[in-house]
Amino acid sequence: MIAKLTATVAVLAFALSVGMVTAQAASAQEELATGEISPDSLRALIVAAERGEEDAQTRLGEIYFFGMHGVERNDAEAVRWYRAAAEQGYAEAQTRLGEAYHFGVYGVVEGNDAEAVRWYRAAAEQGYAEAQYRLGDIYRFQNAAEAVRWFRAAAEQGHADAQHALGEKYRAGHGVERNDAEATRWYRAAAEGYRAAAERGEAEALRSLGDMYRFGHGVEENRVEAVRWYLAAVEQGSVLAGDDLVEMYLNHEGVVRNHAEAGLRAAAEQGHFFVLSDLYLLGMRYLSGGRGDPEPDTTEAVRWFRTAAEQGDVDAQATLGWMYAGGRGVPENETEAFRWYRAAAEGNRAAAERGRFFPDLYFQVGWMYANGRGVPENHAEAFRWYRAAAEEGHGRAQNNLGWMYANGRGVPENDAEAVRWYRMAAEQGDAGAQFGLGNMYYFGDGVPANHPEAFRWYHAAAEQGHTEAQYSLGIVYYRGAGVPKRDTEAVRWFRAAAEQGHADAQYNLGAMYDNGEGVLQDQVRAYAWLNLAAAQGLERAQQARSNVSRRMTNEQVARAQDLSVELLREINGRR
């Protein structure tokens, strides 16, 4: 539509006289004040803006910024028109351009306080109250005296936010001598200004009046009145007033649950991320309960998590995934768990822009693809998600990526890449990766064989309780590969793995008891450990057990079987 309008404007610029355009632009201004404007008036406004009329440029910037009157929102165009009017000295446009620099406009203008001050000051020195207030706001914590100066300039023109800010300065004695009487005077002036604006239905004025009653600024503190004005603000579309209601509820400030929920329902429809955070927090309150709260209610928790999750809140999506994965308050459902974990993972980048980033979500989705949990097994997809997490420094993902490269799962086998990813995770202390890297050095895959280096990494993993690494360390000591042969150490590490249920370690430990290697010969213990390995289907253990039993009395075999039961009970107790 805008492209068509722009083309039409090129024709109108030649066809319409200056007087006609100006008259139509003035008509457009009147229509803007009352609501929607006609297509003809919008065209005339564009022509007037292109002719350099500052007010038309400012109004056009506003239309683009808010996406009004059938025009698609376009921040770059909004800033362009604000700048055009600002450079001609138009105070309102200078203020809007200052706001763009003050708060930043994503993808168009980066936050820059120096530029914000420059444009605010240009407008403030013309006596424009909003710019004076904004300038004071920038100076609020940098130069208290300057902040007071500009707040006062705006306050004396009846600017309610400036009056409130000036009241705060007098109450705190910040930038001005403390004076409770002056604080009260300015608070009261602000309250009257907010009330007048509130009676006109101005949403943020309604919210500000709620603030005054909530904190007792210029009026007697009255939480009931605060809630009344916050609810009125929400009805007028104030997102932040909904946030205030939930904050009061979460802080036990006398707000009943229904008021908080009413604020959330109305405000959440606008998708504001502050409100989504409130929805998530409300869900957490129902999930766990808390001071002054009713008993936990998982049904209510899920309802609020889902409301936030469906609008893209990463925390809520991840929590729903966790609840469905473990059947926590909802029936266990891996398909739903995957759905919400993946939604959270896909929203992770947007969350990073607000300072929150969770690579563990990438890992979780990769794990579900790798194991076919809630989604068909897909190693290529698992690799993609693991890599996304690994590149953010996630140790377990780096380990899994190393394993996939080493085994050619989801990606062509590449031992050098396996070593690279194993090393990254191993250096972070990941036991699985330390074991994997030890294997690469032991067998010479992707690196030259190096048994001392293999021993170093096996030992690091074994000390963390990694069963396979403990077994491999036993092998290294038994064979003297990279370290002097030491049967007592071999027994120690075979035992550590055997006690975690490792069948080959149980077999080796049984064999060492049978042969008296690194331990006193003991056929009862030899039989018991071989019996446990045989019960796991290890054929060589079954044969070795038979050989040992031929050299034992019936009483010894009975004691060995009882010992097997006792050992198995201990192993199961550790799991």
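Residues numbered from 1 in each chain as written. Predicted model: local features only at pLDDT ≥ 70, side-chain atom pairs only at ≥ 80, totals over all residues. Heavy atoms only, no water.

### What about helix α18 (residues 314–326)?
No. 1: An ideal rise of 1.5 Å per residue puts 18 Å on 13 residues; α18 measures up with 19 Å between its terminal C-alpha atoms.
No. 2: Within α18, burial applies to Val314, Asp315, Ala316, Gln317, Thr319, Leu320, Gly321, Met323 and Tyr324.
No. 3: Two or three places before Asp315, at the start of α18, stands the capping residue Asp313, its side-chain oxygen 3.3 Å from that residue's backbone nitrogen.
No. 4: Immediately downstream of α18, the backbone of Gly327 shows phi near 60°, a positive value. (Helix = DSSP H or I, 4+ residues; strand = E, 2+ residues; numbered from the N terminus. Expected span 1.5 Å × (residues − 1). Buried < 20%, exposed > 50% of the residue type's maximum accessible area, 1.4 Å probe, protein only. Polar contact = N/O pair within 3.5 Å; in protein donor to acceptor, adjacent residues only side chain to side chain.)

### Some points on the confidence of the model for the chain
No. 1: Taken residue by residue, the chain gives an average pLDDT of 84. The fraction at 70 or more is 84%.
No. 2: Low confidence marks residues 1–21, where pLDDT is under 50. Its contacts with residues over four positions away, or in another chain, come to 23 contacts. (pLDDT = per-residue confidence, 0-100. Contact = heavy atoms within 4.5 Å.)

### A word on helix α3 (residues 39–50)
No. 1: In a regular helix each residue adds 1.5 Å, so twelve residues correspond to 16 Å; α3 covers 17 Å between its end C-alpha atoms and thus fits that length.
No. 2: All of the buried residues along α3 are Ser41, Leu42, Ala44, Leu45, Ile46, Val47, Ala48 and Ala49.
No. 3: Directly after α3, the chain includes Gly52, whose backbone phi takes a positive value near 100°.

### What about the packing of helix α26 (residues 451–463) against helix α27 (residues 467–479)?
No. 1: As a packed pair, α26 and α27 sit with axes 8 Å apart at the nearest point and diverge in direction by 140°. The angle between α26 and α27 falls in the class oblique. Seen from above, α26 lies across α27 with left-handed handedness. For the pair α26 and α27, the contacting residues are Phe455, Tyr458, His459, Ala461 and Ala462 in the first and Ala469, Gln470, Ser472, Leu473, Val476 and Tyr477 in the second.
No. 2: When grouped by side-chain class, the residues that make up the contact of α26 with α27 number eight nonpolar, three polar and no charged. (Axes fitted to C-alpha atoms, helices over the stretch in contact; angles between N-to-C directions. Parallel < 35°, antiparallel > 145°, perpendicular 65-115°, else oblique. Left-handed = near helix turned anticlockwise from the far one by under 90°. Nonpolar A, V, L, I, M, F, W, Y, C, P; charged D, E, K, R; others polar.)

### Quick notes on the packing of aromatic side chains
No. 1: All told, the structure shown has ten aromatic pairs when counted by the stated rule.
No. 2: Ring centres 5.0 Å apart and planes at 75° place the aromatic pair Tyr442 and Phe443 in the edge-to-face group.
No. 3: Grouping aromatic residues by their ring pairs yields a cluster made of Phe435, Tyr442, Phe443 and Tyr458.
No. 4: For Arg80, the ring lying beneath its charged end belongs to Trp81, and the centroid distance is 4.4 Å. (Phe/Tyr/Trp six-rings, centres within 6.5 Å; stacked < 30°, edge-to-face > 60°. Lys NZ or Arg CZ within 6 Å of the ring centre and 35° of its normal.)

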